[in-house]
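Given next are the chains, with one letter for each unit.
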Amino acid sequence: MSNINAFLDWLISVGGNLYVYCTDFTINLANLTGTSYYEVNFFFFCVLFPFLLVVLPLTAIALKFRLRQLSKIHKK
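Residues numbered from 1 in each chain as written. Predicted model: local features only at pLDDT ≥ 70, side-chain atom pairs only at ≥ 80, totals over all residues. Heavy atoms only, no water.

1. Focus: the environment of Asn41
Following the sequence through the fold, Asn41 ends up in helix α2 (residues 37-75). Owing to a relative accessible area of 18%, Asn41 belongs among the buried residues under this scheme. (Helix = DSSP H or I, 4+ residues; strand = E, 2+ residues; numbered from the N terminus. Buried < 20%, exposed > 50% of the residue type's maximum accessible area, 1.4 Å probe, protein only.)

2. Topic: the side chain of Thr23
Relative to the assigned elements, Thr23 resides in helix α1 (residues 2-33). Taking the relative accessible area as the measure of exposure, Thr23 reaches 16% and is therefore buried. Only 2.8 Å separates the side chain of Thr23 from the backbone oxygen of Tyr19, close enough to count as a polar contact. (Polar contact = N/O pair within 3.5 Å; in protein donor to acceptor, adjacent residues only side chain to side chain.)

3. A look at the packing of α1 against α2
Axis separation between α1 and α2 bottoms out at 8 Å; the angle between their running directions is 110°. Between α1 and α2, the angle is such that the two are roughly perpendicular. Our pair here, α1 against α2, has a crossing hand that is right-handed. Taking contact as the criterion, the partners of Thr23, Phe25, Thr26, Ile27, Leu29, Ala30 and Thr33 in α1 are, on α2, Tyr37, Val40, Asn41 and Phe44. The class makeup of the residues in the contact of α1 with α2 is 7 nonpolar, 4 polar and no charged. (Axes fitted to C-alpha atoms, helices over the stretch in contact; angles between N-to-C directions. Parallel < 35°, antiparallel > 145°, perpendicular 65-115°, else oblique. Left-handed = near helix turned anticlockwise from the far one by under 90°. Contact = heavy atoms within 4.5 Å. Nonpolar A, V, L, I, M, F, W, Y, C, P; charged D, E, K, R; others polar.)

See below:
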């Protein structure tokens, strides 16, 4: 049971540190670009993340089909 508690403590510590780092990065980026924290968050979570959520799986599917075509050509 102490192993589980130690793991949970470690996980909470890592999660907290990651949150602090990401928040600090966002604030610094907002200061560097002359925008607000909310505008940077909007860009990350309402523009960039949905774009990547759509584009990356489509790219993976396209590359899978291209690899399948190349492997068929190579086998001939």
